[in-house]
Amino acid sequence: MTGATRPDSAAALDDDWLRSPEPGWLNSPWGPLFTWYHPPRGTPRNCAVLLCDTFGSDRMNLHLAYRYLALQLSHAGFACLRVDYPGTGDSAGMPRDTQSVAVWTGSLSLAADHLRARSGADNLALFGARFGGTMAALLAAARHDVMDLILWGPFVEGRQFLRQCRAVQRMLITDAAGRAPNDRQPGDQESMGFLLTGAWVEELEPLNLTRLERAPAQRACVLPWDDTSRMAALADAWRGLGVEVEIESSPLFDAQRTLQQQAVPWPILDHVDRWLCRSHATTTVARGETAGATPASVSIEVDGEDTCVIEQAVYLAEGKGLFGILSRPSRAPERVERTGILLVNGGNNHRPGINRNGTEWARRWAAQGWPVLRMDIRGLGDSPPAHAEDLNVLYRSETTRDVLQAMDWMQERLGIRRFIVGGLCAGAYQALHTGVADRRVGRVVGLFLLELLRYYPDRGLPRQVWRRKLLRARQRLDARLPIWCRRSTRLGRWMGELCRRGVKVLAVFNEADGMDAMFRWELGRHASAVDRGGRLRFDLVPDGNHIFSPLWCQQEITASLDRYLAEIAGAEAADVQNLHT
């Protein structure tokens, strides 16, 4: 399928999704690597395409682009594989231990071998956007079987990539106190919540794709990221190595829409589709899957310094409509085995969460004894939308059903009857509405709401006029009014009901943005009753930001959540003790 691809054809691709992709992990020297294998649909072509991921916030923002490219190429007859580098996404490992060009190219090479064996294709093509394009070029230069190389806005020089990382850090992060994570090492840097180790920075500084010693591929297609992209030097250098290079003179898509709105760049996807189809005709039929090519495992054990957990890729609904990854303790402590944790997408990001916190929290808490499910609600991540217009739409009342369905799945499959539900931003919104919707006493026992900005499906985000000082003034005014004169709000009624049901709520806010004041004011006449119940606690983080991206800030949030879970575990242990006595 090529040409104009808009919501109607996106829906067709999502229909393919319900039948074809296979999630799982590949064993590697650096731990299991999470992959999605997309077998060819229709007449297969004798070419397989490895999609090389980018890094950091670009990785989060480009997830849908990679997903739909794999679906589109699969529909056109190409076998495709998406893979997370070690220490990223849903793969095993931690960034400090695995952040290395050699490790990442090694993991991509292993994935390429698996893809060729799984598909039976003779030819290999690589695609990469931004830093993923850089990694694709390095991998191609290290192998001898890459025929086609498609790069969208690659960083030609390592220092160019590092400059962007530093610029993003300077623009978005302000920390007057100069805080640092407790495990910081000399040379460490960070960019929008992602670690760049000193060793990796030193490795990247001299990197230059124009200085490759051998041709990376037979053919290359280079697509500019924006009007400032300068790819001519790269094209000239590669032509000198004998590569047939096709370079676009102007951008095919407004790349900022992909980064800011996570919009699917259909013109880019269509161009890649057409370019590969010209090189690999439909009359060229692949051998099919080779005998003995083992599919990736859908269940693995992640064994690290602080984690020893079993993870499983799961579908939570009929027809593969809801996807998630379940983390379970290898040896579950009895005190928490009846309670599970559900992590809902933060913002538009898929299940690993903003800054990969979802993956790291899930494994951390599973090692402590909690079964944890990190999920993609419909229309986000790897759960296709129920309706085409719901793709990448955050605030919809019907998505509460997705979370309730995930809870039912955990109860039916694991026997879990008590749930703690949480998330950041839109994930907090979904958690709140799930707690309100499930009125069964003792089922939802905890909610952690990180930077909850919006409360109601029929109202937008708070306008900028609600400044901290104004809200504090309104609170002081409300405090002087009799209870019956204060506003009765939906949020206040909801929180009162949750507290009466015994739900323990943790609300965490960045202190600087004043959203805690907005939340308190919105409680209205119910604030006093909620405070008396003692079930609602606020944690304020100074000098953070909306996504708690500074690494020291992530450590503080993790510690706060650990304390919160310990309180719930303690209450549960007391209940069990009282039951026995």
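Here is what the cut-offs are and how they apply
- Residues numbered from 1 in each chain as written.
- Predicted model: local features only at pLDDT ≥ 70, side-chain atom pairs only at ≥ 80, totals over all residues.
- Heavy atoms only, no water.
- Phe/Tyr/Trp six-rings, centres within 6.5 Å; stacked < 30°, edge-to-face > 60°.
- Helix = DSSP H or I, 4+ residues; strand = E, 2+ residues; numbered from the N terminus.
- Buried < 20%, exposed > 50% of the residue type's maximum accessible area, 1.4 Å probe, protein only.
- Lys NZ or Arg CZ within 6 Å of the ring centre and 35° of its normal.
- Core = buried A, V, L, I, M, F, W, Y, C linked by side-chain atoms within 4.5 Å.
- Contact = heavy atoms within 4.5 Å.
- Expected span 1.5 Å × (residues − 1).
- Polar contact = N/O pair within 3.5 Å; in protein donor to acceptor, adjacent residues only side chain to side chain.
- Pairing = 2+ DSSP bridges.
- Right-handed = clockwise from strand over helix to strand, strands pointing away.
- Axes fitted to C-alpha atoms, helices over the stretch in contact; angles between N-to-C directions.
- Parallel < 35°, antiparallel > 145°, perpendicular 65-115°, else oblique.
- Left-handed = near helix turned anticlockwise from the far one by under 90°.
- Nonpolar A, V, L, I, M, F, W, Y, C, P; charged D, E, K, R; others polar.
- Salt bridge = Lys/Arg side-chain N within 4 Å of Asp/Glu carboxyl O.

A. Spotlight on the packing of aromatic side chains. Within this structure, the stated rule accounts for 28 aromatic pairs. On the numbers, 5.5 Å between centres and 80° between planes, the contact of Phe519 with Phe538 is edge-to-face. Of this pair, Phe519 sits in helix α17 (residues 515–522) while Phe538 sits in strand β19 (residues 536–541); the two residues are 19 residues apart in sequence, bridging distant segments of the chain. For Phe519, a relative accessible area of 0% corresponds to the buried category. Ring-pair connections join several aromatic residues into one group, and the members of that group are Phe55, Tyr85, Trp104, Phe131, Phe155, Phe161, Phe194 and Trp200. Positioned above the aromatic ring of Trp225 is the side chain of Arg130, whose terminal nitrogen or guanidinium carbon lies 4.4 Å from the ring centre. Its guanidinium or amino end placed over the ring of Phe538, Arg520 lies 3.8 Å from that ring's centre, counting from NZ or CZ.

B. Inspection of the nonpolar core at higher detail. Of all hydrophobic cores here, the largest spans 132 residues; its most connected members are Leu50, Leu149, Trp238, Trp365, Phe448, Met495 and Phe519. Apart from the residues within four sequence positions on either side, Trp365 is in contact with Ile341, Leu343, Trp370, Val372, Phe448, Leu561, Asp562 and Leu565. If you look at the next biggest cluster of nonpolar residues, it comprises 37 residues, including Ala65, Phe127, Ile150 and Leu276.

C. Layout of helix α6 (residues 131–142). In a regular helix each residue adds 1.5 Å, so 12 residues correspond to 16 Å; α6 covers 17 Å between its end C-alpha atoms and thus fits that length. Most of α6 sits out of view: 11 of its 12 residues are buried. Looking at α6, one finds that the buried residues are Phe131, Gly132, Gly133, Thr134, Met135, Ala136, Ala137, Leu138, Leu139, Ala140 and Ala141.

D. The arrangement of helix α5 (residues 101–119) in detail. Between its terminal C-alpha atoms α5 stretches 27 Å, which fits the 27 Å expected from 19 residues at 1.5 Å a residue. Where α5 begins, the capping side chain belongs to Ser100, and its oxygen is found 3.2 Å from the backbone nitrogen of Ala102. Phi turns positive, to about 75°, at Gly120, one or two residues after α5.

E. Looking closely at the pairing of strand β17 (residues 444–450). The element β17 is largely enclosed, with a buried count of 7 among its 7 residues. Note that strand β16 (residues 418–424) and β17 share 6 bridges and pair parallel. Across the sheet, Phe419 pairs through a bridge with Val444, a residue of β17. Between the parallel pair β16 and β17, the chain is carried across by helix α14 (residues 426–437), and the sense of this crossover is right-handed. Note: β17 against strand β18 (residues 504–510), 5 bridges, orientation parallel. Residue pairing in the sheet places Leu449 in a bridge with Ala507 of β18.

F. Geometry of the sheet that holds strand β6 (residues 146–152). Read from one edge to the other, the open sheet built from 8 strands follows the order β1-β2-β4-β3-β5-β6-β9-β10, with strand pairing classed as mixed. For this open sheet the edge positions go to β1 (22–26) and β10 (244–247), each flanked by a neighbour on one side alone. When the angles between neighbouring strand axes are averaged without regard to direction, this sheet yields 20°. As judged from the 4 bridges shared by strand β2 (residues 33–38) and strand β4 (residues 79–83), these two strands associate in the antiparallel manner.

G. Main features of the sheet that holds strand β15 (residues 372–376). Strand order in the open sheet made by the 9 strands is β11-β12-β13-β15-β14-β16-β17-β18-β19, with mixed pairing throughout. Strands with a single pairing partner mark the edges of an open sheet, and in this sheet they are β11 (299–303) and β19. On average, each strand axis in the sheet is inclined to that of its neighbour by 20°, with strand direction left out of account. Two strands pair when backbone bridges link them, and strand β14 (residues 339–344) and β16 are joined in this way by 5 bridges, in the parallel orientation. Within the sheet, the bridge partner assigned to Gly340 lies in β16 and is Phe419. Taken strand by strand, helix α12 (residues 357–367) contacts β11, β12 (308–315), β13 (323–329), β14, β15 and β17, and its axis lies near 160° from that of β15.

H. Local environment of the pairing of β6. The buried fraction of β6 amounts to 7 of the 7 residues, a majority that puts the element mostly inside the structure. Viewed along the sheet, the connection from strand β5 (residues 123–129) through α6 into β6 turns out right-handed. The pairing of β6 with strand β9 (residues 219–223) spans 5 bridges and is parallel. Bridging from a neighbouring strand, Trp152 pairs with Leu223 of β9.

I. Up close: the packing of helix α13 (residues 399–414) against α14. For the pair α13 and α14, interaxial distance at closest approach is 9 Å and the crossing angle is 70°. By the criterion of interaxial angle, the relationship of α13 to α14 is roughly perpendicular. Crossing of α13 over α14 shows right-handed handedness. When α13 is examined against α14, the residues Thr399, Thr400, Val403, Leu404 and Met407 are found in contact with a partner set consisting of Gln430, His433, Thr434 and Ala437. For the contact of α13 with α14, the class distribution of residues is 4 nonpolar, 5 polar and no charged.

J. A look at the environment of Val421. Its location among the elements puts Val421 in strand β16. Counting along the chain gives 27 residues from Val421 to Phe448, while the straight-line C-alpha distance between them is 6.6 Å. When neighbours within four sequence positions are excluded, Val421 is seen to be in contact with Leu342, Val344, Val403, Met407, Ala431, Gly446, Leu447 and Phe448.

K. The environment of Arg159, seen in detail. One can find Arg159 in helix α7 (residues 158–172). Put simply, Arg159 and Val201 are 42 residues apart on the chain and 8.6 Å apart in space, counted from C-alpha to C-alpha. Excluding anything up to four places from it in sequence, Arg159 contacts Leu204 and Glu205.

L. Structural context of the pattern of salt bridges. Scanning the model with the defined rule gives 34 salt bridges in all. The shortest N-O distance in the salt bridge between Arg116 and Asp145 comes to 2.9 Å. Of this pair, Arg116 sits in helix α5 while Asp145 sits in the loop between α6 and β6, and the two are 29 residues apart along the sequence. The exposure class of Asp145 is buried, given its relative accessible area of 18%. The closest approach of N and O atoms between Arg179 and Asp543, which form a salt bridge, is 2.8 Å. With Arg179 in the loop between α7 and β7 (189–191) and Asp543 in the loop between β19 and α19 (551–580), this pair connects stretches of sequence that are 364 residues apart. Accessibility expressed as a relative area gives 26% for Asp543, which makes it partly exposed. Bridged by salt links that share partners, the residues Arg67, Arg82, Asp90, Glu311, Arg351, Arg363, Arg374, Asp376 and Asp382 form one connected network.

M. Up close: unusual backbone geometry. The backbone of Asn355 shows a phi angle near 60°, a positive value even though the residue is not glycine. In this structure, Asn355 sits in the loop between β14 and α12. Residue classification places Asn355 among the buried positions, given a relative accessible area of 3%.

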